[in-house]
Amino acid sequence: MPEITRHDVLVIGGGLAGLRAAVAIHDAGHDVAVLSKVYPIRSHSGAAQGGVNASLGNHPEGHDDSWEKHAFDTIKGSDYLADQPRAEILAQDAPARVIEMEHWGAYFSRFPDGRIAQRPFGGAGFPRTCYAADRTGHQLLHTLWEQCIKRGITFLNEWFITRFVTSGGRVVGAVAMHVPSGELAAFGADATVLAGGGYGRVFAKTTNAYINTGSATAAAYIAGARLEDAEFVQFHPTTLFGTNILISEGVRGEGGHLANAEGNRFMDRYAPSVMELAPRDIVARAIQTEIDEGRGFEGGYVHLDIRHLGADVIMSRLPGIRQIAMDFAGVDPIETPIPVQPGQHYSMGGLSCDEDGATDVPGLLACGECSCVSVHGSNRLGGNSLLETLVFGKRAGDRAAGLVGGGSASDGALSAALEDARRSIAALKSRGGRERQDAVRREMQSVMTEKVGLFREERPLAGAVDAIAGLKERHRNVSLANTGEPFNYDLIDTLELGGMLELAHVTAAGALARTESRGSHWRTDHPARNDDDWLKHTMATHVEGGEPAIGYEDVIITSYEPMERKY
Ligand SMILES: Cc1cc2nc3c(=O)[nH]c(=O)nc-3n(C[C@H](O)[C@H](O)[C@H](O)COP(=O)(O)OP(=O)(O)OC[C@H]3O[C@@H](n4cnc5c(N)ncnc54)[C@H](O)[C@@H]3O)c2cc1C
């Protein structure tokens, strides 16, 4: 690889959002390269199980569904923190994006009449989640991958972004390391689209893949893009006890029941009208309350029971879930309930951007889970994230295409950034001392899980902010056990940890500042939503060597007056 390469647009991230953006850029007639630290079809999008929302109205009980109802459910689910015109775009564009995927070859499950099947999901008034058994992400990702291959789009696989290159306040490309060889190179572009995914690995108990560290998101934050609403972290109610592998909401959508150790179906005390199909934040807190009050099983879990669905339904609609339960918990759900507990699942917050992906930094766009458009507000509805990658991936791609020709970097800016990156990696490799990245990482993960989890309170949160600041200090002293070039994951993990600590810091600081309870953010010391003071977005700006600078911005409210959220 030459030291400096140029493309019209550089897309960072080979998950659904990045691939959908790349297709849009290519179809607008421009040269695009997709850079990904893992082979694209290994991105976390491929792990998505339950489905993607669109108001197709195919379900016998859902004929009068509409995009307006989808938008309303999304906004209510967000506890009124979503920017309403953007949630409307999400819902309005959904049918076209899903049908486009079908026409491109996505193999959706079907009703007997041949139309795309839809299942009920939490917080949705209609059965609106389209699915491919319980492997929807896999289907969608492979479909988009095929579309990219068909178009001859350039892929830079196993390249890891270490920093963005800026020139005159504009992002003009990035510096990346080739993981197999350790080689560094600079990539210049008129526009850069970041689709770097979520950062669940900041927590100890998470459904997210090991690769979900948010390192590229942190690099954008360090380059000047603001992080919005990072304190809103989704804890999925049902992750497998022991490993925290996701047990899809589709299981409850198909009729699964939750039961405590006393054999009671406890959701009747928390959300009597919708029971297990209340939004995730409500079900997760209900399960944790049962466990904390001594009605869980030893070790801290409850049962998810699908035996009454019968073997046929389980094997045709939930085959992946059955396999996961057998392989990782040793139970066959046809005969035995699945042991589940809540775990981190999704980052509602992310890089602040508008409906076309534009961030605060000219030349840099964001889409997918790393972004905050904001359509999910303080709590995302299941099935809306796969949808977000398609709707806003396309829009960010269209916007990036419009920026082509708007001036890219001089070779000077790119080679100066490359040299600087080389120097800092050489300095890290020659650093002495005994501090190791894995110890710091584990401590960060346990601080975040214990103090910035489902139930939050001032003192533990303040302790978390201090602890993270201390861990950032320790990270500056980390030395490497491996100073080689090829596949140096000691080096990559150390670089990623720096980014993870930045994201953890913003999450904890935002949660400490927000003295109310809204959606996923539950403060036991401030248990009510407080619209007078807190109907606003948290905006964090990076400060080199210091605490994040926190400011606030108004929520865009148009058609839907905030109401109390009841289910
Ligand atoms: C187990 C699981 C199940 C889910 N099920 C559903 C579901 O049924 N329905 C739903 O709506 N949502 C679901 N979600 C959420 C949804 O899958 C994700 O939010 C979405 O797929 C994210 O897509 P993305 O393209 O933004 O990121 P990802 O698919 O995570 O891709 C991120 C990309 O960024 C690249 N990258 C990151 N950092 C760097 C770097 N430093 N340098 C280079 N490349 C980098 C990675 O290589 C990767 O290609 C699920 C999530 C999980 C974890």
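These notes cover the structure that comes with them.

Quick notes on the rules
- Residues numbered from 1 in each chain as written.
- Predicted model: local features only at pLDDT ≥ 70, side-chain atom pairs only at ≥ 80, totals over all residues.
- Heavy atoms only, no water.
- Buried < 20%, exposed > 50% of the residue type's maximum accessible area, 1.4 Å probe, protein only.
- Helix = DSSP H or I, 4+ residues; strand = E, 2+ residues; numbered from the N terminus.
- Pairing = 2+ DSSP bridges.
- Near = heavy atom within 4 Å.
- Polar contact = N/O pair within 3.5 Å; in protein donor to acceptor, adjacent residues only side chain to side chain.
- Areas by Shrake-Rupley, 256 points an atom, 1.4 Å probe, with all protein chains shown as cover.

1. Overview of the pairing of strand S8 (residues 170-178)
- Of all the nine residues making up S8, eight are buried; the element is thus mostly covered by neighbouring parts of the structure.
- Here eight bridges tie strand S7 (residues 159-167) to S8, and the two strands are oriented antiparallel to one another. Residue pairing for S8: serine 167 is matched across the bridge by arginine 170.
- Hairpin geometry of S7 and S8 is characterised by an intervening segment of two residues between the two adjacent antiparallel strands and by a positive phi of about 55° at glycine 168.
- As judged from the five bridges shared by S8 and strand S9 (residues 184-194), these two strands associate in the antiparallel manner. Paired with alanine 176 across the bridge in S9 is alanine 185.
- Hairpin connection of S8 to S9: five residues between the antiparallel strands, including glycine 182 at a positive phi of 85°.

2. Some words on the site of the ligand
- In the region of the ligand, 38 residues are neighbours, and Ser43, His44, Ser45, Glu369 and Ser385 sit closest.
- Glutamine 49 is positioned such that a nitrogen or oxygen atom in its backbone is 3.3 Å from a nitrogen atom of the ligand.
- For the ligand, a nitrogen atom lies 2.9 Å from a polar atom in the side chain of serine 215.
- Protein contacts shield 98% of the accessible area of the ligand, which totals 1,000 Å² for the unbound molecule.
- Put simply, the parts of the chain that give the shell around the ligand at least two residues each are helix H1 (16-27), strand S2 (32-36), S7, helix H5 (215-222), strand S14 (338-347) and helix H10 (384-403).
- A per-element tally of the shell around the ligand places H10 first, with four residues.

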